[in-house]
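# Overview (structure and organization)
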Amino acid sequence: MEKRGTSVCNENMQLSLPEELFSRFAVSLLPEGELDLILDRTNWKLGQRDVNVLLLSAVWNGFSLPLMWTLLAHGGSSRQRTREALHGRFVTTCPERNIRWTDPLGPDQEAKHFVPVSP
């Protein structure tokens, strides 16, 4: 099971944004040209619930800007097809941007096994 998009909510209101809108807006904040992207998986607990997220981010001036993500329904690392699907969704959303894959802090368990494919 994958969940996509962004939700902003408080006690009285919830606003959902399509992931394409969020991603295109985030990319528009970055300078033109090649995008340095990283792929990372993180997990944490939200109350008693485990949250496992595969995250695609742009790196610029030492900062990481989340662009798209997939909530994983299981613990542990992601599958190659899940990483490819996340990459493909981004390329479909922002086809005009050239991508360079970046290894920000050394080999990451998710990124070191990822081989980008052409959409």
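Note that this is a predicted model, so its numbers are computed, not measured. (Residues numbered from 1 in each chain as written. Predicted model: local features only at pLDDT ≥ 70, side-chain atom pairs only at ≥ 80, totals over all residues. Heavy atoms only, no water.)

## Quick look at the environment of Asp 50
With respect to the helices and strands, the residue Asp 50 is situated in strand E4 (residues 49-60). Residue classification places Asp 50 among the exposed positions, given a relative accessible area of 57%. Along the sequence, Asp 50 and Gly 75 sit 25 residues apart, while their C-alpha atoms lie 7.9 Å from each other. Those residues in contact with Asp 50 that lie beyond four places of it in its chain are Trp 44 and Lys 45. Within the structure, the side chain of Asp 50 is placed 3.0 Å from the side chain of Lys 45, a separation counted as a polar contact. (Helix = DSSP H or I, 4+ residues; strand = E, 2+ residues; numbered from the N terminus. Buried < 20%, exposed > 50% of the residue type's maximum accessible area, 1.4 Å probe, protein only. Contact = heavy atoms within 4.5 Å. Polar contact = N/O pair within 3.5 Å; in protein donor to acceptor, adjacent residues only side chain to side chain.)

## A look at the pairing of strand E3 (residues 35-46)
As paired strands, E3 and strand E6 (residues 99-101) are joined by 3 bridges and run parallel to one another. Bridging from a neighbouring strand, Leu 37 pairs with Trp 101 of E6. In the sheet, E3 pairs with E4 via 11 bridges, with the strands oriented antiparallel. Residue Asp 40 lies in a different strand from E4, and its bridge partner there is Leu 55. Linking E3 to E4, which pair antiparallel, is a turn of 2 residues; within it Gly 47 sits at a positive phi near 70 degrees. (Pairing = 2+ DSSP bridges.)

## Some points on the sheet that holds E4
In spatial order, the strands read E5-E4-E3-E6; together these 4 strands make up an open sheet with mixed pairing. Since the sheet does not close on itself, it has two edges, and those belong to strand E5 (63-72) and E6, each with one partner. Between one strand and the next, the sheet's axes are offset by a mean angle of 40 degrees, whatever the strand orientation. (Axes fitted to C-alpha atoms, helices over the stretch in contact; angles between N-to-C directions.)

## Some remarks on helix H1 (residues 19-28)
All of the buried residues along H1 are Glu 19, Ser 23, Ala 26 and Val 27. On an axial view of H1, the arc spanned by its buried residues comes to 100 degrees, and they lie on one face. Set apart from the buried face of H1 by more than 90 degrees, the exposed residues are Leu 21, Phe 25 and Ser 28. (Arc of directions from axis to C-beta.)

## Quick notes on the confidence of the model for the chain
Any residue range with low pLDDT should be treated as having predicted coordinates unsuitable for detailed reading. Put simply, the chain has an average pLDDT of 78, and 73% of its residues get 70 or more. Across the chain, the secondary-structure element scoring lowest on mean pLDDT is strand E1 (residues 6-9), at 53, and the one scoring highest is H1, at 90. (pLDDT = per-residue confidence, 0-100.)

## Details of the packing of aromatic side chains
Here a ring pair, both rings aromatic, is described through the centre-centre distance and the interplanar angle of the planes. Inspection of the entire model under this criterion finds 1 aromatic pair. Look at Phe 22 and Trp 69: their rings are 5.6 Å apart centre to centre, the planes differ by 70 degrees, and that puts the pair in the edge-to-face class. Of this pair, Phe 22 sits in helix H1 while Trp 69 sits in strand E5; the two residues are 47 residues apart in sequence, bridging distant segments of the chain. Trp 69 gets classed as buried once you look at its relative accessible area, which sits at 18%. (Phe/Tyr/Trp six-rings, centres within 6.5 Å; stacked < 30°, edge-to-face > 60°.)

## A look at the nonpolar core
Counting 15 residues, the largest nonpolar core has Leu 35, Leu 37, Leu 67 and Phe 90 as the members making the most contacts within it. With residues up to four places along the chain from it excluded, the contact list for Phe 90 reads Val 27, Leu 35, Leu 37, Leu 56, Leu 67, Met 68 and Ile 99. (Core = buried A, V, L, I, M, F, W, Y, C linked by side-chain atoms within 4.5 Å.)

## Details of unusual backbone geometry
Of note in this structure, Asn 61 is not a glycine but carries a positive phi near 50 degrees. Tracing the sequence through the fold places Asn 61 in the loop between E4 and E5. Among the residues examined, Asn 61 registers a relative accessible area of 58% and is labelled exposed.

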